[in-house]
Amino acid sequence: MPLTAGDDAPTVTAPTQDGESITLEFDEPTVVYFYPKDDTPGCTIEANQFQRERETYQDAGVDVYGVSIDDVDSHRSFCEQEGLEFDLLADPDAEIADAFDVEFRDSGVTKRTTFLLADGEVQTVYENVDPDGHARDVLLDAIDDGLVTLPE
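Reading guide: rules and limits
Residues numbered from 1 in each chain as written. Predicted model: local features only at pLDDT ≥ 70, side-chain atom pairs only at ≥ 80, totals over all residues. Heavy atoms only, no water. Helix = DSSP H or I, 4+ residues; strand = E, 2+ residues; numbered from the N terminus. Buried < 20%, exposed > 50% of the residue type's maximum accessible area, 1.4 Å probe, protein only. Salt bridge = Lys/Arg side-chain N within 4 Å of Asp/Glu carboxyl O. Phe/Tyr/Trp six-rings, centres within 6.5 Å; stacked < 30°, edge-to-face > 60°. Arc of directions from axis to C-beta. Contact = heavy atoms within 4.5 Å.

1. Comments concerning unusual backbone geometry
Part 1 of the reasoning: One non-glycine residue, Asp-39, lies in positive phi territory at about 60°.
Part 2 of the reasoning: Relative to the helices and strands, Asp-39 is located in the loop between strand S3 (30–34) and helix H1 (41–52).
Part 3 of the reasoning: With a relative accessible area of 45%, Asp-39 lands in the partly exposed category.
Part 4 of the reasoning: Of note in this structure, Ala-94 is not a glycine but carries a positive phi near 60°.
Part 5 of the reasoning: With respect to the helices, strands and loops of the structure, Ala-94 is situated in the loop between strand S5 (87–90) and helix H4 (95–99).
Part 6 of the reasoning: Here Ala-94 falls in the buried class, since its relative accessible area comes to 12%.

2. Side note on the pattern of salt bridges
Part 1 of the reasoning: Considering all chains together, one arrives at six salt bridges under this definition.
Part 2 of the reasoning: The shortest N-O distance in the salt bridge between Arg-136 and Glu-53 comes to 3.0 Å. One end of the pair, Arg-136, is in helix H5 (residues 134–144); the other, Glu-53, is in the loop between H1 and helix H2 (54–59), with 83 residues separating them in the sequence.
Part 3 of the reasoning: Note that Lys-111 is salt-bridged to Glu-103, the shortest N-O span being 3.4 Å.
Part 4 of the reasoning: Owing to a relative accessible area of 30%, Lys-111 belongs among the partly exposed residues under this scheme.

3. Some remarks on the packing of aromatic side chains
Part 1 of the reasoning: Taken as a whole, this structure holds nine aromatic pairs when the rule is applied.
Part 2 of the reasoning: Between Tyr-33 and Phe-50, the ring centres sit 4.4 Å apart and the planes meet at 15°, which makes this aromatic pair stacked. Residue Tyr-33 is found in strand S3, and its partner Phe-50 is found in helix H1; the two are separated by 17 residues along the sequence. Like Tyr-33, the residue Phe-50 is buried in the burial classification.
Part 3 of the reasoning: On the numbers, 6.2 Å between centres and 55° between planes, the contact of Tyr-33 with Phe-86 is tilted. Separated by 53 residues along the polypeptide, Tyr-33 in strand S3 and Phe-86 in the loop between helix H3 (72–82) and S5 bring together distant segments of the chain. The same class applies to Tyr-33 as to Phe-86, namely buried.
Part 4 of the reasoning: Three or more aromatic residues link up through ring pairs in this structure, and these residues are Tyr-33, Tyr-35, Phe-50, Tyr-57, Phe-78 and Phe-86.

4. Some remarks on H5
Part 1 of the reasoning: Taken together, the buried positions of H5 are His-134, Ala-135, Val-138, Leu-139 and Ala-142. Looking straight down H5, one finds its buried side chains confined to an arc of 135°; they lie on one side.
Part 2 of the reasoning: Buried residues along H5 sit against S3, H1, H2, strand S6 (113–118) and strand S7 (121–127).
Part 3 of the reasoning: Following H5 by one or two positions, Gly-146 has its phi on the positive side, about 75°.

This is the structure in structure tokens:
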């Protein structure tokens, strides 16, 4: 069972699609979405919709990171192909998935699960996500919950 609202956010370090190692601390509002695999239909829809909402997320002060068990090269190719401008974190050893207690499918990929984090803890968890419309829904929930606001 994944982490739940109120749980402390784990500190994770992972390489991005550029091979740069970053550490996420989750003091500021952050979305971490786990998806099964680069360059597959549902994952492409979800990534493209987070990209489409990217500017609004930035205006609201929310960072967005996608995570899958794909490696850096796969993420780089996926970002280039789809024009993604946010970071994808490579998790081939499932260390990030394990830190968030994300469940795996029988095929060995993570189940589609999204976390909204802030102030060092999990705020909201989305399981069994429908990728179409999800990026907008998470943003609207963050606004409705008073976690973030959009500038006038």
